[in-house]
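# Residue-level structural notes
Given next are the chains, with one letter for each unit.
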Amino acid sequence: MTVKHLTKEELEAGLKDIMQSPKDNGVIEMIVCRPEVDERDTLEIALLDLDEGLVGDNWKARGSTATPDGSAHPDTQINIMNSRAIALLAQDKERWSLAGDQFFIDLDLGVENLPAGTRLAIGSAILEVTAKPHTGCDKFAARFGREAALFVNSTEGKKLHLRGINAKVIQAGTVRVGDEVKKI
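Report on the accompanying structure.

Rules used in this analysis
Residues numbered from 1 in each chain as written. Predicted model: local features only at pLDDT ≥ 70, side-chain atom pairs only at ≥ 80, totals over all residues. Heavy atoms only, no water. Salt bridge = Lys/Arg side-chain N within 4 Å of Asp/Glu carboxyl O. Helix = DSSP H or I, 4+ residues; strand = E, 2+ residues; numbered from the N terminus. Buried < 20%, exposed > 50% of the residue type's maximum accessible area, 1.4 Å probe, protein only. Pairing = 2+ DSSP bridges. Right-handed = clockwise from strand over helix to strand, strands pointing away. Phe/Tyr/Trp six-rings, centres within 6.5 Å; stacked < 30°, edge-to-face > 60°. Lys NZ or Arg CZ within 6 Å of the ring centre and 35° of its normal. Contact = heavy atoms within 4.5 Å. Polar contact = N/O pair within 3.5 Å; in protein donor to acceptor, adjacent residues only side chain to side chain.

This next bit is on the pattern of salt bridges. Evaluation of the coordinates by the stated rule reveals 14 salt bridges. Put simply, Arg34 and Asp57 hold a salt bridge, and the shortest N to O gap is 2.8 Å. Taken together, the residues span a long stretch of sequence, with Arg34 in the loop between strand 1 (25-33) and strand 2 (41-43) and Asp57 in the loop between strand 4 (53-54) and helix 3 (59-62) at a distance of 23 residues. An identical accessibility class is assigned to Arg34 and Asp57; each is buried.

Counting buried residues along strand 5 (residues 78-82), 5 of its 5 residues qualify, which places the element largely inside the surrounding structure. Neither face of strand 5 is open: one carries Ile78, Ile80 and Asn82, the other Asn79 and Met81, and all of them are buried. Taken together, the 3 bridges between strand 5 and strand 9 (residues 165-171) define a ladder with antiparallel strand orientation. When the bridges of strand 9 are listed, Ile78 appears paired with Ala167. Sheet topology note: the strand 5/strand 6 (residues 103-106) ladder contains 3 bridges and is parallel. Its bridge partner being in strand 6, Ile80 is matched across the sheet by Phe103. Once the chain exits strand 5 it traverses helix 4 (residues 83-90) before rejoining the sheet at strand 6, and the crossover so formed is right-handed.

This part covers the packing of aromatic side chains. According to the stated counting rule, one finds 2 aromatic pairs in the structure shown. Judged by centre distance (5.8 Å) and plane angle (50 degrees), the ring pair of Trp96 and Phe104 falls under tilted. For the pair Trp96 and Phe104, one class covers both residues: buried. Across from the ring centre of Trp96, 5.0 Å away, lies the NZ or CZ of Lys93, which sits over that ring.

A word on the environment of Phe144. Tracing the backbone through its elements, the reader meets Phe144 in helix 5 (residues 138-144). Judged by relative accessible area, Phe144 falls into the buried class, the value being 1%. Linking Phe144 and Gln171, residues 27 residues apart in sequence, is a C-alpha distance of 33 Å. The residues contacting Phe144, other than those within four sequence positions of it, are His5, Ile86, Leu89, Ala90, Arg95, Leu98 and Ala99.

Let us look at helix 4. For helix 4, the tally of buried residues reaches 6 of 8 residues, placing the bulk of the element in the interior. Residues of helix 4 that are buried include every one of Ser83, Ala85, Ile86, Leu88, Leu89 and Ala90, and no others. Sitting at the amino-terminal end of helix 4 is Asn82, which places a side-chain oxygen 2.7 Å from the backbone nitrogen of Arg84. Gln91, located one to two residues past helix 4, shows a positive phi value of around 70 degrees.

Positive phi values are uncommon outside glycine, yet Asp38 reaches one of about 65 degrees. Among the secondary structure elements, Asp38 is positioned in the loop between strand 1 and strand 2. A positive phi angle is found at Gln91, which is not glycine, with a value near 70 degrees. As for its placement among the helices and strands, Gln91 is situated in the loop between helix 4 and strand 6. Residue Gln91 is classed as partly exposed on the basis of its relative accessible area of 40%.

With that settled, the discussion passes to the side chain of Arg163. Secondary-structure assignment places Arg163 in the loop between helix 7 (155-159) and strand 9. What makes Arg163 buried here is its relative accessible area of 5%. Among the polar contacts made by the side chain of Arg163, one reaches the main-chain carbonyl oxygen of Ala99 at a distance of 2.7 Å. Of note is the side chain of Arg163, whose polar atom sits 2.7 Å from the side chain of Asp101. Setting aside residues no more than four positions away along its own chain, Arg163 makes contact with Met81, Ala99, Asp101, His134, Thr135, Gly136, Phe140 and Val152.

That's the geometry; what it means functionally is another story.
Written out as structure tokens, the structure reads:
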């Protein structure tokens, strides 16, 4: 498959569709587990745990440079990206998992709609949006293009959380592709 990185103009043209995402009730379009660095497993069903996050994911084992002791950052347990945004950037659903997020949801993730502290009911689990920013890194730019990284990290991109949001599990449970995501 030939991958074409989109231009700034092509990315900006896709904003209209992204901004049509539902405000209150969305849907899980894809679940991805990252068992090892740069390894991805697409799941139909996942277990969310208070301590482990997405069971089978390497979030806890990978740790974080943002904590003094290098342990996993509690506010980055779950990474969520808008499914319309990744559809634009990746151009093919087979490439969505390259973003590195665990959940791709058709829901407005913008700061005005989902400020830190907002709770989301998904399946039998509950997540809480955290204030820790989720930004496009060098890997993201390599996979989706420099313009894509600039796009998601722009002032408008940050306001809309085009790169996604971080969350933590506050009620363990089971989630499935197709589950409704509700603001509570």
